[in-house]
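# Examination of the molecular architecture
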Amino acid sequence: MIKALFNALKNVFPFAPSRNALLNTYQFQNLQFTAIDFELTSLDQKVTQITSVGFVTGSNGVVDLSTSDYYLVKTTADLGQSPVIHGLTEEALNNGVTLPDALNALLPRLHESILVFHNASLDLAALHNVFVSLDLPKTEVMYIDTLKLAVYQLSKQHQVLPSHCATLLECCERLGLPSFIEHNALDDAMATMSLLFAQLSELGVQKHEKLKVLKHTGAVGRFTLG
């Protein structure tokens, strides 16, 4: 089923813009962003597994709450500190959906949006592992990392960055965004989406400007899943 959906989406979006086209042609006002957050069993990118996923879409500085979604994911992996950090117990996860079902809901966003993460390397590694485990075709995605945007801004103010200064919560508080409860995938995804728009405003990025204005920050990237 998931491969059928994947192929159908490839037909709907058969000519995905190249990275250079996105950077040099598309204006922010014409881009759709989807912020994604995974709660994971481990920080080890090679073995980590997804226990929950939250995502929400936004554009033109507005988070569209009607697009938000959240899934608990069944897993047989060692939960490690997840019950303590995320509050996700084995009992709760047993009532979740399968990983393919969660990915079915997320797949359309991968094809139609620029993805937004806070610490993209970890979440993309987890998503890559899913593509490999489900034997899905390789898929290239574009993303923006709000963590790298934060580090870029902070490095202009500090020679040595203060400890924990770029956590999602710290970044949101520093820009005057509403407080939220950490370590819930949907709350974190919505906070990440809001943070991106606040960061763009802080950087003075205008809606008519193109994505390439962020290239120098190191926060824009391309990643091949699978």
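What counts and how
Residues numbered from 1 in each chain as written. Predicted model: local features only at pLDDT ≥ 70, side-chain atom pairs only at ≥ 80, totals over all residues. Heavy atoms only, no water. Phe/Tyr/Trp six-rings, centres within 6.5 Å; stacked < 30°, edge-to-face > 60°. Buried < 20%, exposed > 50% of the residue type's maximum accessible area, 1.4 Å probe, protein only. Helix = DSSP H or I, 4+ residues; strand = E, 2+ residues; numbered from the N terminus. Pairing = 2+ DSSP bridges. Axes fitted to C-alpha atoms, helices over the stretch in contact; angles between N-to-C directions. Contact = heavy atoms within 4.5 Å. Lys, Arg positive; Asp, Glu negative; His and termini not counted. Salt bridge = Lys/Arg side-chain N within 4 Å of Asp/Glu carboxyl O. Parallel < 35°, antiparallel > 145°, perpendicular 65-115°, else oblique. Left-handed = near helix turned anticlockwise from the far one by under 90°. Nonpolar A, V, L, I, M, F, W, Y, C, P; charged D, E, K, R; others polar.

### Re the packing of aromatic side chains
The full count for this structure, using the stated rule, is three aromatic pairs. Taking 6.4 Å as the distance between ring centres and 25° as the angle between the ring planes, the aromatic pair formed by Phe28 and Phe33 counts as stacked. Here the two residues Phe28 and Phe33 agree in accessibility, since each one is buried. Taken together, a centroid distance of 6.5 Å and an interplanar angle of 25° make the contact between Phe55 and Tyr71 stacked. Of the two residues, Phe55 sits in strand S2 (residues 50–59) while Tyr71 sits in strand S3 (residues 62–72), which places them 16 residues apart along the sequence. Accessibility expressed as a relative area gives 0% for Phe55, which makes it buried. An aromatic cluster of at least three residues, connected via ring pairs, comprises Phe28, Phe33 and Phe197.

### Digging into the sheet that holds strand S6 (residues 220–225)
What the six strands build is an open sheet, ordered S3-S2-S1-S4-S5-S6; its pairing is mixed. The sheet terminates laterally at S3 and S6, the two strands that pair on one side only. Between one strand and the next, the sheet's axes are offset by a mean angle of 30°, whatever the strand orientation. Its contacts with the sheet put helix H7 (residues 146–155) on strand S4 (114–117) and strand S5 (139–145), and the angle it makes with S5 is roughly 35°.

### Describing the side chain of Asp37
Inspection of the secondary structure puts Asp37 in strand S1 (residues 33–40). Despite its burial, Asp37 remains without a salt bridge, the nearest opposite charge being carried by Arg109 at 14 Å. Non-local contacts of Asp37, meaning those with residues more than four positions away in its chain, are made with Ser52, Val53, Gly54, Asp123, Asn184, Ala185, Asp188 and Ala189.

### What to know about the packing of helix H5 (residues 99–112) against helix H6 (residues 120–133)
Orientation of H5 relative to H6, taken along the N-to-C sense of each, is 115°, at an axis distance of 12 Å. The angle between H5 and H6 falls in the class roughly perpendicular. Between H5 and H6 the crossing geometry is left-handed. Here H5 contributes Leu99, Leu103, Leu106, Leu107 and Leu110 to the contact with H6, which in turn contributes Leu127, Val130 and Phe131. Among the residues forming the contact of H5 with H6, the class breakdown is eight nonpolar, no polar and no charged.

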